[in-house]
Protein chains: 2
Amino acid sequence: MTEQGFNVAVVGATGAVGQQMLKTLAEQAFPIKSLKLLSSSRSAGKQMEFDGKTLTVEEATPESFDGVQVALFSAGGSVSKKLAPEAVKRGAIVIDNTSAYRLADEVPLVVPEINEADIHNHQGIIANPNCSTIQMAVALEPIKQAYGLKKVVVSTYQAVSGAGLDAVDEMYEQTGQILNDEDISPEVLPVSKDEKHYQIAFNALPQIDVFQDNGYTFEEMKMVNETKKILHDPSLAVSATCVRLPVETGHSESVYVETEKSGATTSDMQAVLQGGAGITLQDDPATQTYPLATAAKGLPDVFVGRVRRDLDAENGYHLWVVSDNLLKGAAYNSVQIAESLVKLGLIRS
Amino acid sequence: MTEQGFNVAVVGATGAVGQQMLKTLAEQAFPIKSLKLLSSSRSAGKQMEFDGKTLTVEEATPESFDGVQVALFSAGGSVSKKLAPEAVKRGAIVIDNTSAYRLADEVPLVVPEINEADIHNHQGIIANPNCSTIQMAVALEPIKQAYGLKKVVVSTYQAVSGAGLDAVDEMYEQTGQILNDEDISPEVLPVSKDEKHYQIAFNALPQIDVFQDNGYTFEEMKMVNETKKILHDPSLAVSATCVRLPVETGHSESVYVETEKSGATTSDMQAVLQGGAGITLQDDPATQTYPLATAAKGLPDVFVGRVRRDLDAENGYHLWVVSDNLLKGAAYNSVQIAESLVKLGLIRS
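Reading the values: rules and limits
Residues numbered from 1 in each chain as written. Chains lettered and ligands numbered in written order. Predicted model: local features only at pLDDT ≥ 70, side-chain atom pairs only at ≥ 80, totals over all residues. Heavy atoms only, no water. UniProt positions renumbered as here; feature names shortened; annotations may be inferred. Salt bridge = Lys/Arg side-chain N within 4 Å of Asp/Glu carboxyl O. Helix = DSSP H or I, 4+ residues; strand = E, 2+ residues; numbered from the N terminus. Buried < 20%, exposed > 50% of the residue type's maximum accessible area, 1.4 Å probe, protein only. 1 Å grid on protein atoms, 1.4 Å probe; cavity = no way out; pocket = protein on both sides within 12 Å on 5 of 7 lines; lining within 4 Å. Points joined across faces, edges and corners; volume = space filled by probe spheres on them. Nonpolar A, V, L, I, M, F, W, Y, C, P; charged D, E, K, R; others polar. Least-squares fit on C-alpha atoms with pLDDT ≥ 70 in both. Domains from an automatic or database assignment. Contact = heavy atoms within 4.5 Å. Buried area = accessible area lost by both parts, 1.4 Å probe. Polar contact = N/O pair within 3.5 Å; in protein donor to acceptor, adjacent residues only side chain to side chain. Phe/Tyr/Trp six-rings, centres within 6.5 Å; stacked < 30°, edge-to-face > 60°. Lys NZ or Arg CZ within 6 Å of the ring centre and 35° of its normal. Core = buried A, V, L, I, M, F, W, Y, C linked by side-chain atoms within 4.5 Å. Pairing = 2+ DSSP bridges. Axes fitted to C-alpha atoms, helices over the stretch in contact; angles between N-to-C directions.

Going by an unreviewed UniProt entry, chain A carries the name Aspartate-semialdehyde dehydrogenase and comes from Natribacillus halophilus. What UniProt records for chain A under Sequence similarities (unreviewed entry) is the sentence "Belongs to the aspartate-semialdehyde dehydrogenase family." Check the Catalytic activity (unreviewed entry) section of the UniProt entry for chain A; it says "L-aspartate 4-semialdehyde + phosphate + NADP(+) = 4-phospho-L-aspartate + NADPH + H(+)".

A. Quick look at the pattern of salt bridges. A complete count under the given rule lists 30 salt bridges over all chains for this structure. Salt-bridge contacts for Glu113 of chain A lead to Lys328 of chain A; the nearest nitrogen and oxygen are separated by 2.7 Å. You can see Glu113 of chain A sitting in helix 3 (residues 112-115) and its partner Lys328 of chain A sitting in helix 9 (residues 327-343), a full 215 residues away along the chain. Judged by relative accessible area, which is 24%, Glu113 of chain A ranks as partly exposed. One salt bridge connects Arg309 of chain B with Glu314 of chain B, and the closest N-O pair in it is separated by 3.9 Å. Note on Glu314 of chain B: relative accessible area 47%, which makes it partly exposed. Residues participating in the shared-partner salt-bridge network are Glu63, Asp66, Glu86, Lys89 and Arg90 of chain A.

B. Main features of empty space enclosed by the protein. Inspection of the entire model under this criterion finds two cavities of 30 Å³ or more. Looking at the largest cavity, its volume works out to about 70 Å³. Contributing to the lining of the largest cavity are 14 residues, with Val153, Ser155 and Ser254 of chain A together with Val153 and Ser155 of chain B lying nearest its centre. Looking at the lining of the largest cavity residue by residue, the class counts come to eight nonpolar, six polar and no charged. Of the voids in this model, the second largest cavity is the one considered here, and its volume is about 40 Å³.

C. Broad picture of the relation of the copies chain A and chain B. Superposition of chain A onto chain B requires a rotation of 180° combined with a translation of 0.0 Å along the rotation axis, giving an RMSD of 0.0 Å. Taken together, the rotation and translation relating the two chain copies correspond to the operation of a two-fold axis. Every residue of chain A has its C-alpha some distance from the rotation axis, and the shortest such distance is that of Ser155 of chain A, at 3.3 Å.

D. Fine view of the domain arrangement of chain A. All names here are of chain A. When the domains of chain A are assigned, the result is domain 1 (6-129 + 330-343) and domain 2 (133-325). The gap between the C-alpha centroids of domain 1 and domain 2 is 25 Å. The partner domain 2 presents 19 residues to the 20 residues of domain 1 that form the contact. Overall, the association of domain 1 and domain 2 removes approximately 1,600 Å² of surface from exposure, summing both partners, and the carbon and sulfur fraction of that is 68%. One salt bridge connects Arg102 with Glu226, and the closest N-O pair in it is separated by 3.1 Å. At the boundary of domain 1 with domain 2, the tally comes to six residue pairs in polar contact (both at pLDDT 80 or more). If you list the elements that add at least two residues to the side of domain 1 that touches domain 2, you get helix 1 (16-27), helix 3 and helix 9.

E. Representation of the side chain of Ser80 of chain B in the model. Summarising the element assignment, Ser80 of chain B is placed in helix 2 (residues 77-89). Excluding anything up to four places from it in sequence, Ser80 of chain B contacts Phe73, Pro85, Asp96, Thr98, Ala100 and Tyr101 of chain B.

F. Fine view of the packing of aromatic side chains. Taken as a whole and assessed by the stated rule, the structure comprises 13 aromatic pairs over all chains. Arranged with centres 5.5 Å apart and planes meeting at 15°, the rings of Phe65 of chain A and Phe73 of chain A form a pair that is stacked. Its relative accessible area of 0% is what places Phe73 of chain A among the buried residues. Joined through ring pairs, the aromatic side chains of Tyr157 and Trp320 of chain A together with Tyr157 and Trp320 of chain B make up one cluster. It is Arg308 of chain A that lies over the ring of Tyr216 of chain B; its NZ or CZ is 4.5 Å from the centre.

G. Summary view of the interface of chain A and chain B. Taken together, the 63 residues of chain A in the interface contact 63 residues of chain B. When the two sides are added together, the surface that chain A and chain B hide from each other amounts to roughly 5,100 Å², 59% of it contributed by carbon and sulfur. Contact with chain B buries area across many residues of chain A, yet Phe202, Gln288 and Leu311 of chain A alone supply 14% of it, more than any other trio. Across the chain A-chain B interface, the total number found is six salt bridges. With a shortest N-O distance of 2.7 Å, Arg306 of chain B and Glu220 of chain A are connected by a salt bridge. In this structure, the connection of chain A to chain B is made through 43 residue pairs in polar contact (both at pLDDT 80 or more). At the level of elements, strand 9 (149-157), helix 5 (165-179), helix 6 (218-230), strand 10 (237-241), strand 11 (251-259), helix 8 (293-296), strand 13 (302-309) and strand 14 (316-323) of chain A are the ones that each hand at least two residues to the side of chain A that touches chain B. Classifying every residue of the side of chain A that touches chain B by side-chain character gives 32 nonpolar, 19 polar and twelve charged.

H. A look at the UniProt feature "binding site: NADP(+)" (unreviewed entry) in chain A. All names here are of chain A. Within this numbering scheme, the UniProt entry marks Thr14, Gly15, Ala16, Val17, Arg42, Ser43, Ser161, Gly162 and Asn325 as carrying the feature "binding site: NADP(+)" (unreviewed entry). Over a stretch of 312 residues, the named residues are scattered through the fold, their C-alpha atoms separated by up to 25.2 Å. By the secondary structure assignment, Val17 is in helix 1. With residues near it in sequence (within four places) discarded, Val17 still touches Ser74, Asn97, Leu326, Ala330 and Ala331. Overall, Arg42 belongs to the exposed group, its relative accessible area being 74%.

I. Region of interest: the nonpolar core. With 56 residues, the main nonpolar core has Phe65, Phe73, Leu273, Val304 and Leu319 of chain A as its most contacted residues. Looking at this core element by element, the count peaks at eight residues for helix 4 (residues 131-147) of chain A. Residue assignment places this core across two domains, with domain 1 (6-129 + 330-343) and domain 2 (133-325) of chain A each supplying three or more. In this view, Phe65 of chain A contacts Ala9, Val11, Leu38, Ala71, Phe73, Leu83, Ala87 and Arg90 of chain A; residues no more than four positions away in its chain are not counted. Ile114, Ile230, Leu236 and Val304 of chain B belong to the second largest nonpolar core, which has 55 residues in total.

J. Region of interest: the sheet that holds strand 1 (residues 6-11) of chain B. Residue and element names in this part refer to chain B. Within the open sheet, the six strands sit side by side as 5-2-1-6-7-8. Their pairing is parallel. Edge positions in the sheet fall to strand 5 (58-59) and strand 8 (125-127), since each of these pairs with one other strand and no more. Bridge analysis of strand 2 (residues 32-39) against strand 5 gives two bridges, and the strand direction is parallel. Note that in strand 5 the partner of Leu38 across the bridge is Glu58. Docked against the sheet, helix 1 (residues 16-27) engages strand 1, strand 2 and strand 6 (70-73), running at close to 155° with respect to strand 1. Here helix 2 sits on the sheet and contacts strand 1, strand 6, strand 7 (93-96) and strand 8; the angle it forms with strand 6, its principal contact strand, is near 175°.

Here it is in structure tokens:
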């Protein structure tokens, strides 16, 4: 920590994303003067390490934010709805990793590689997009710049850590039970607050978050609506099918995209993606090189491979997009937003 | 076994599909007079149960087919290429579950619910389509009948048993090693004969079968070419992304389809699918009802759910299609073809 830094709070510090936020703040050497770890009353009192120091987690209350300059929220939508306005009232800028404010007109929804300048319009709250949205948007942005975007159809292969540590525990415990021929009793996945729960081990669950009236899940509609907002393209056609897999960390996505301009070859598209901010191209069929969830874990990049032109549409392309859902999909992108705030001169130490 | 039945041979009897063929022949009470279990020399001598009797597996040679009327092959393409013509020469009708003859002009490629009549044109060999192709084709057929098909984009979630028993063993062994914090050494998946092998446990591998020159895998091109042949529609636009998951049995597929006629509602499409041969509709978001690989295992149906209209395209629809890859995807469809042969009077006892 440094006297030249900022007073930072992390809300939901003990969660899957909160832990990665602390790790990323340290790794990125974000300038911190003081750090408050906040949580629900249930986790208050826990001790956590940061930068060689032991910190005690405190219960998050409105008063917790007195003197805080940047507050990173990742404790669920209801906590953000209740406490983010309190933090803003006390002068903090909130970077919110829940869906509570993402679609609000006055709230910038930011992936710094794509729309960093939107941060200038903030009114106290800046939203971090949904994990599965971020990595797809990062892959789409250079394609948009080069050829324009017309239509996107995505099928996801999402990791359980996106549903929190309880889901990770359930997956590993259930897997062990099945290997030992024991009975299982799913209680968390696909959606902890929904009525029915299904086996995640050795299975694929086509439900992430609750169903909406239109038959799509909330996760699918996040991908649709957030992608349009981040890319500043309300008329872009986007549809999604979101599926949870027995993978701990690392979302994979099969993305079909139709561009405005026709005729780019697979090589053209690979070159465009290779030049895209935040993207690492891993694409060589001859050496079986393609992105894998297990290889992406712990890295901030969005990995893109299996790039190929559709067999019929002159303007159609298929991509395989993988990223660590807790990093670029959550903690890393949030810390990037905090760094952008500093870079743009929107907070001063 | 019955005097009124047929002389049947199963080639590859000890494999993942071969075992299911025996089970399905018994369950469907296919009329069998004599049954030969054939395999490579490696598995010859093994004992297997059928209909309460113990049979000894014999090494498959050209002479093995003397007197055989129906031979079900599922022992790999090279075995079929070598021995299927020998079986035909000796008067057998071959139902081949490998990719060896599927695209040959003179070989019918049959899913009985869709194109049973094609069997009449056989010249000794009838091909059973690829597992991932069959279940998608079954779901597409009623849509084709009602609205016509224009374009299909599929992303698959495929089970390891499609890669054989070695792959199943690898998945379970590797999973146990990871749970025990032991080192792993992948040797089978994604493709046993390919150079590199990757972790399947807690991962998603975007490679099934070897890569082709166009950047698609052979599995993806099977889905493309076989779907066109089964549906008698060479101009149908089909592209696929095939992904292997840590699921033992049961392929899932996220299918995006554009129809010729526009305007069918989601309810219209559900009704059409519910009436489709071989399909069981499982589609009620209100009760979290949708197809799951674990629930499909052991059943012959193609399960369809998550049916919904694309959010933008008036003629676009999304489906989640699940089936047991060893049954409708392989053994069950092969036995159905044998039953069709009897029904159409193409073999006589």
